[in-house]
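# Geometric and topological summary
Spelled out from the first residue to the last, the chains are:
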Amino acid sequence: MAGRTSREGTYVPEGIADEFTQGEPAQGAPSSDERSGDKQQKPDRPSAPALGLVGTLRWMWRQLTSMRVALMLLMLLAVAAVPGSVLPQRNQDAAGVIEYLADHPTAGEWLDKAGFFDVYSSVWFSAIYILLFVSLVGCILPRSAAHYRALRGRPPRVPSRFNRFPAKASATTDASPEQVADAVAARLRGKISWLPTFRVDRGEEAARGKRPASATVSAERGYLRETGNLVFHLALVGLLVSVATGQLLHYRGQAIVTEGRGFANAVVDYDTFEKGSWFRPESLVPFSMTLDRFESEFASDTVAFAQARDFTAHVTVTEPSGEQRPEQIKVNHPIVVDGAKVYLQGNGFAPDITVRDAEGEVAFAGRVTFIPQDTMYTSRGVVKVPDVSPGLDQIGFVGYFLPTAEVEADGSARSAFPQPVDPLLVLEVYTGDLGLDDGSPQNVYELDTASLTPALDENGDRVKVLARPGETVELPDGLGTLTLGDELPRYVALDLRHDPSLTFVLVFALLALGGLTVSLFTPRRRVWARAYAGQDGATVVEIAGLARGDDAGLQAEVDRALAAVPGEVQQPEAADAPAETSVVTPDSVVEPVETRSEKD
Amino acid sequence: MELANLSVLLVWGAATALAVALVAFAVDLSRLSGAKVDARDAARDRAKVAVGAGAPVDEPVSPYGPDAGATAPGPVNRKLAGIGMSVTWLAVMLLFVAIVLRGVAAGRTPWANMYEFALVGTFVAVAVFVGVNTRRDVRFLGAFVAGLGVLFLVLAQTRFFVEAMGVQPALQKYWLVIHVGVAIAATGIFTVAFVTSVLQLLRDGRDNGSVLLGSRRWGWLDHTPAPSALESLSFRLNSVAFVLWTFTLIGGAIWAEDAWGRYWGWDPKEVWSFIVWVVYAAYLHARTTRGWSGTRAAWFVVAGYACVLFNFTGVNLIFNGKHSYSGL
Ligand code: HEM
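Here's what I pulled together on the structure shown here.

Cut-offs and rules
Residues numbered from 1 in each chain as written. Chains lettered and ligands numbered in written order. Predicted model: local features only at pLDDT ≥ 70, side-chain atom pairs only at ≥ 80, totals over all residues. Heavy atoms only, no water. Salt bridge = Lys/Arg side-chain N within 4 Å of Asp/Glu carboxyl O. Helix = DSSP H or I, 4+ residues; strand = E, 2+ residues; numbered from the N terminus. Buried < 20%, exposed > 50% of the residue type's maximum accessible area, 1.4 Å probe, protein only. Contact = heavy atoms within 4.5 Å. Buried area = accessible area lost by both parts, 1.4 Å probe. Polar contact = N/O pair within 3.5 Å; in protein donor to acceptor, adjacent residues only side chain to side chain. Near = heavy atom within 4 Å. Axes fitted to C-alpha atoms, helices over the stretch in contact; angles between N-to-C directions. Parallel < 35°, antiparallel > 145°, perpendicular 65-115°, else oblique. Nonpolar A, V, L, I, M, F, W, Y, C, P; charged D, E, K, R; others polar. Pairing = 2+ DSSP bridges. Expected span 1.5 Å × (residues − 1). Arc of directions from axis to C-beta. Patch = residues over 30% accessible without salt bridge, like charges linked within 9 Å, V, L, I, M, F, W, Y side chains within 5 Å. Areas by Shrake-Rupley, 256 points an atom, 1.4 Å probe, with all protein chains shown as cover. Lys, Arg positive; Asp, Glu negative; His and termini not counted. Charge placed at Lys NZ, Arg CZ, Asp CG, Glu CD.

### Some points on the pattern of salt bridges
All names here are of chain A.
- This model, assessed by the stated rule, comprises 35 salt bridges over all chains.
- One salt bridge in this structure joins Asp 201 and Arg 154, with 2.9 Å as the shortest N-O distance. Placement of the pair is Asp 201 in strand 4 (residues 199–205) and Arg 154 in the loop between helix 7 (123–152) and strand 3 (167–173), with a sequence separation of 47 residues.
- Overall, Asp 201 belongs to the buried group, its relative accessible area being 11%.

### What about the interface of chain B and chain A?
- Across the boundary between the two partners, chain B contributes 59 residues, which contact 62 residues of chain A.
- The contact between chain B and chain A buries some 5100 Å² in all, and 65% of this surface belongs to carbon and sulfur atoms.
- With a closest N to O distance of 3.9 Å, Asp 258 of chain B and Lys 341 of chain A form a salt bridge.
- At the boundary of chain B and chain A, one finds 10 residue pairs in polar contact (both at pLDDT 80 or more).
- Broken down by element, the side of chain B that touches chain A gets its largest block of residues, 16 residues, from helix 7 (residues 227–259) of chain B.

### Side note on the site of the ligand
- Lining the immediate surroundings of the ligand are 24 residues, of which Cys 139, Arg 143, His 233 and Ser 519 of chain A together with His 285 of chain B lie closest.
- Two or more chains meet at the ligand, and those chains are chains A and B.
- Between the ligand and His 285 of chain B there is a distance of 2.6 Å, counted from a nitrogen atom to a side-chain nitrogen or oxygen.
- Mapped by element, the contributors of at least two residues to the shell around the ligand are helix 3 (67–81), helix 7, helix 9 (223–249) and helix 10 (502–521) of chain A together with helix 8 (268–288) of chain B.

### A word on the packing of helix 5 (residues 94–103) of chain A against helix 6 (residues 105–113) of chain A
All names here are of chain A.
- Closest axis-to-axis distance for the helix 5/helix 6 pair is 6 Å, and the angle between their directions is 130°. Considered as vectors, helix 5 and helix 6 are oriented oblique to each other. Residue-level inspection shows Tyr 100, Leu 101, Ala 102 and Asp 103 of helix 5 in contact with helix 6, the latter providing Pro 105, Gly 108, Glu 109, Leu 111 and Asp 112.
- In terms of residue class, the contact of helix 5 with helix 6 is built from five nonpolar, one polar and three charged.

### Some points on the environment of Ser 234 of chain B
Residue and element names in this part refer to chain B.
- Mapped onto the fold, Ser 234 is located in helix 7.
- For the pair Ser 234 and Arg 296, spaced 62 residues apart in sequence, the C-alpha separation works out to 13 Å.
- Setting aside chain neighbours within four positions, we find Ser 234 in contact with Ala 193, Thr 196, Ser 197, Tyr 283 and Val 301.
- Here Ala 193 takes part through its backbone oxygen, which lies 3.4 Å from a polar atom of the side chain of Ser 234.

### Digging into unusual backbone geometry
All names here are of chain A.
- The backbone of Ala 306 shows a phi angle near 70°, a positive value even though the residue is not glycine.
- Mapped onto the elements, Ala 306 comes out in the loop between strand 9 (288–298) and strand 10 (308–318).
- For Ala 306, a relative accessible area of 5% translates into the label buried.
- Within the chain, Asp 477 stands out as a residue other than glycine whose phi angle is a positive 55°.
- Classification of Asp 477 as exposed rests on a relative accessible area of 61%.

### Examining the pairing of strand 6 (residues 251–258) of chain A
Residues and elements named next belong to chain A.
- Burial analysis of strand 6 places six of its eight residues in the buried class, which makes it a mostly covered element.
- Examined bridge by bridge, strand 6 and strand 8 (residues 272–275) share four bridges and lie antiparallel to one another. Each residue of the ladder has a partner; that of Tyr 251, found in strand 8, is Lys 275.
- Judged from the eight bridges that link them, strand 6 and strand 26 (residues 490–498) form a sheet pairing that is antiparallel. For Ile 256, the partnering residue across the bridge sits in strand 26 and is Ala 493.

### Side note on helix 9 (residues 295–312) of chain B
Residues and elements named next belong to chain B.
- End to end, helix 9 covers 26 Å across 18 residues, agreeing with the expected 26 Å (1.5 Å per residue, within 8%).
- Looking at helix 9, one finds that the buried residues are Ala 297, Ala 298, Phe 300, Val 301, Gly 304, Tyr 305, Cys 307, Val 308, Asn 311 and Phe 312. Seen along its axis, helix 9 keeps its buried residues to an arc of 165°; they face one direction.

### With respect to a negative patch on the surface
All names here are of chain A.
- Side chains of Asp 387, Asp 393, Asp 433, Asp 437 and Asp 438 sit close together on the surface and give a patch of like negative charge.
- One can find Asp 433 in the loop between strand 21 (424–432) and strand 22 (452–454).
- With a relative accessible area of 46%, Asp 433 lands in the partly exposed category.

### Description of the sheet that holds strand 6 of chain A
- Ordered in space as 8-6-26-13-12 (chain A), the five strands form an open sheet in which the pairing is antiparallel. The two strands at the open ends of the sheet, each matched to only one other strand, are strand 8 and strand 12 (335–337) of chain A. Geometrically, the sheet is characterised by an average inter-axis angle of 25° between neighbouring strands, direction not taken into account.
- In this structure, strand 13 (residues 340–349) of chain A lies alongside strand 26 of chain A, joined through eight bridges in antiparallel fashion. Bridging across to strand 26 of chain A, Asn 347 of chain A finds its partner in Val 492 of chain A.
- In this fold helix 7 of chain B packs onto strand 13 and strand 26 of chain A, with an angle of close to 55° to the strand it touches most, strand 13 of chain A.

### Let's talk about the packing of helix 10 of chain A against helix 7 of chain B
- As a packed pair, helix 10 of chain A and helix 7 of chain B sit with axes 10 Å apart at the nearest point and diverge in direction by 170°. It follows that helix 10 of chain A is roughly antiparallel to helix 7 of chain B by the angle criterion. Here Leu 502, Leu 506, Ala 509, Leu 510, Leu 513, Leu 516, Thr 517, Leu 520 and Phe 521 of chain A of helix 10 of chain A lie close against helix 7 of chain B, whose contacting residues are Phe 235, Ser 239, Val 240, Phe 242, Val 243, Thr 246, Phe 247, Ile 250, Ile 254 and Glu 257 of chain B.
- Tallied by class, residues from the contact of helix 10 of chain A with helix 7 of chain B come to 15 nonpolar, three polar and one charged.

Next comes the structure, spelled out in structure tokens:
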């Protein structure tokens, strides 16, 4: 087994310095190596094993689950996370990766091979956190078992001498030793009998040396501290498992929907669809959704001119049962439909465009999605018109939709406000073969102009076709006409995501937070009291306290216990030296380690 | 608009007050180091005498070093430290009003961009300092907290400033108040803990005979609490801040789930918040690892705080991710 189990049954991972569980006050104590005698625990000198295969494996396991290795792995994890913030990452910024590879062909290729563009799914990053979690499990499970035993154990026996403890108090009283011990025990237990502050043992002690037989109290509180610590670490494991399960089961689809239209929750209806390896298409509940209206609001004051203020998509959801209900989707307020969340991720204009060819036939009629390029919604789009009358060249358009057009003297145009105050469509015209007929997939937002001929004016400049809502304009070279619809339908980009692990992720995260808080702020203390008949007949009471780590409240705890002493109480003068002189030296405190064996 | 301008003026006022406090605290420290009598030894002698004479237990000897006790009639006049404290209180109040006015001017919670984050973070750091000082004497931290405060405020005013205005839809949620508020509080507390750990390292170096730190110029270090006391103060602050930081991560993830459609996506801000968290987790482990506690653990606080600062400045200004709310 890795680590060691102390006489109390508390499991201590290798390499951990914990004076409390070893019953030794913190200050001035030498490293516990000196006493443990186990050379392998020396931090700077891991002795090489000469133990054969099993021995080597055991040695490695012990190293892996040691505190020092956990520490190293944590630091490694921090360092390994850095490159992912410096270099572009494929899953967030695929274009950035391509650009980087183009700019740094040699280094880029090496970095790519080593996984630097997918850091968080790279072999090395995964190796670190998997090792860390193996270490964690190897460390936490034995600790949990030991803690379970400790929870049923009793507080450690009263040490024979108190004078070296960091907190102590004493007094004399006319009450009997038994009365004193009972009162102190009652105070330490606290008022709520089913939820005692301290776990308390009332005992008797035979005469020892000059000291007569005594009534004793030994008490311990703060088991919750270790409980919290274990809950925290186990919750981290739960968190990791939940996240991984979510990765396997999730799906995510994007759909662009224009006003008045809808989409159905089916793989084919999404523009892009991404899924985990355990995803089954049957898990898509076949609801459908229609975008009734989209509203946007922008600031018009000078300070924050044109800054987005509010986006709302009004939709109607139709359940598989046929039941319909209206919903609103906003940024920050996704809606939940049959376990899937629907987010509003983007929006823009999808103007209605009709193109008639040279023979007057409608060659294209439909809404075209223009993608905003800046905060003013200067939006870029492409119209492909392959279905012209036989014998004619196919037509392609590429250009901008400007909600509030501002045309410069040089003919360039951009939008000056995101709302359609003065809308204008500006398109360049190309003719030739659009390359759609060979069936290879094409990006609908790009026009491959390499094999197309632009329409030029008499100066050799590209012709720009300008259209306002409701207008029909002539295309150059007698190609036909283009009509921009009166209304300007809006579109929204919806992101639909289903991840069945979300609840678990949240629960484990909150458990971790709770466990952490409990473990960091629960004081772990031991208090011992002894009462016996003094030489002058009065009862002498001595109380001592020991805490885990630094604990400012320890003396107060001891004083509270003393305050419970009944009868006519007298506190001796100068019972306590100032804090500095009460520093415990290690040899004097070996005793408190002595505890009852589990059997008695 | 007037309110916003007034707020800016008050921030300058607070920066000035902190600068004055810095000078007062620094002179106080240098006087301590120049003091002929080693106050620590003197106080220790007093304590011994007191014990021998059977003095009452509550002799004013603070566990944080006798001369740090406000009531101990030390040989050095600490009036300047008192002035420093008063001016620091003034700075806290000025900053508080400045932040409130900024919020009123913008019509929302006053912590939505880098400028405001810097203001509120400085406020928390200085407030934690004066707050802790009401319970125990930590005036030796004053010069450093005030110094960092001046630095942050001047940087904020000159480099991070943006006009007060509303926020984009992604930020319009109560999570802005919770997530960012808690992050700022954590940052402020990390700042004070960092100062404490740096002092611990310096003091430890001097006590262990470092040549550089052994010189007379560093004599004021003898008047700071013992390294173990500094370490435990730093640990307490760091554990509070760490819990708050854990909550920041969880709150951020809950918010991102609603605002960005995923709870975690390794965006640069998320990466660095995670790194900060892991480094402080490593610190907590180092504290309990044999051979790593004490001085070595304090270096983790330094590394952790460097990551906190980078997360705030570097990530906002260099990288470009979803978390680009600096307004710059
Ligand atoms: C994912 C990796 C880990 C993280 C994020 C983590 C985080 C933490 C944190 C934040 C604490 C402080 C809370 C407290 O003091 O109770 C802590 C404490 C502790 N951790 Fe971990 N831990 C990790 C892995 C491990 C491993 C692998 C081990 C075993 C080798 C371990 C053993 C401990 C122990 C023994 C404590 C208690 C220290 C004490 O006595 O106060 N942890 N951990």
